[in-house]
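For reference, the chains in residue letters:
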Amino acid sequence: ENSVSEVLHSNGVNDDLSCEQGLCGTCAVKVLECIPDHRDVYLNTTERASNATMLVCCSRSRTSTLVLDC
Ligand code: FES
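Residues numbered from 1 in each chain as written. Predicted model: local features only at pLDDT ≥ 70, side-chain atom pairs only at ≥ 80, totals over all residues. Heavy atoms only, no water.

**Student:** When you look at the pattern of salt bridges in this model, what are you seeing that I'm missing?
**Tutor:** Side-chain pairs of opposite charge can arise whenever the charged atoms involved come near each other. Scanning all chains against the criterion turns up 4 salt bridges. Where Arg-39 meets Asp-37, a salt bridge forms, and the shortest distance between an N and an O atom there is 2.9 Å. One salt bridge in this structure joins Arg-48 and Asp-40, with 3.4 Å as the shortest N-O distance. A residue is classified by how much of its surface remains accessible, and Asp-40, at 5% relative accessible area, is buried. (Salt bridge = Lys/Arg side-chain N within 4 Å of Asp/Glu carboxyl O. Buried < 20%, exposed > 50% of the residue type's maximum accessible area, 1.4 Å probe, protein only.)

Written as structure tokens, this is what we have:
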């Protein structure tokens, strides 16, 4: 199992990472399609529940397809 940012990097997409621990919010991307598995501590409860944004340094996808606006 890989984090989203690992997958992006291995596919040549350079996302913007800073803390890589789910703390700073630098790596937030807009979620277009998927249910994120939020593993960060940055998003608040409302943001998590909306599934509109995810932090790709540490979070994963619960669904097999993940569509992001990077
Ligand atoms: Fe800091 Fe992802 S790089 S939250």
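**Student:** Looking at this structure, how should I read the side chain of His-38?
**Tutor:** Within the secondary structure, His-38 is located in the loop between strand 2 (36–37) and helix 2 (45–50). Reaching out from His-38, the side chain makes a polar contact with the backbone oxygen of Arg-48 at a distance of 3.2 Å. Within the structure, His-38 has its side chain in polar contact with the side chain of Asn-51 (distance 3.1 Å). (Helix = DSSP H or I, 4+ residues; strand = E, 2+ residues; numbered from the N terminus. Polar contact = N/O pair within 3.5 Å; in protein donor to acceptor, adjacent residues only side chain to side chain.)

**Student:** Quick question: what am I supposed to make of empty space enclosed by the protein here?
**Tutor:** Where empty space is left can be seen by rolling a probe of water-molecule size over the atoms. Scanning the model with the defined rule gives 1 cavity of 30 Å³ or more in all. Taken together, Leu-17, Ser-18, Cys-19, Glu-20, Gly-22, Leu-23, Cys-24, Gly-25, Cys-27, Leu-55 and Cys-57 make up the full set of residues lining the largest cavity. (1 Å grid on protein atoms, 1.4 Å probe; cavity = no way out; pocket = protein on both sides within 12 Å on 5 of 7 lines; lining within 4 Å. Points joined across faces, edges and corners; volume = space filled by probe spheres on them.)

**Student:** Quick question: what am I supposed to make of the pairing of strand 1 (residues 28–33) here?
**Tutor:** It is a general feature of regular strands that their side chains alternate between the two faces of the sheet. As paired strands, strand 1 and strand 3 (residues 53–55) are joined by 3 bridges and run antiparallel to one another. Of the residues in strand 3, the one forming a bridge with Val-29 is Met-54. In terms of strand pairing, strand 1 meets strand 5 (residues 67–69) through 3 bridges, oriented antiparallel. Across the sheet, the residue bridging to Glu-33 is Val-67, located in strand 5. (Pairing = 2+ DSSP bridges.)

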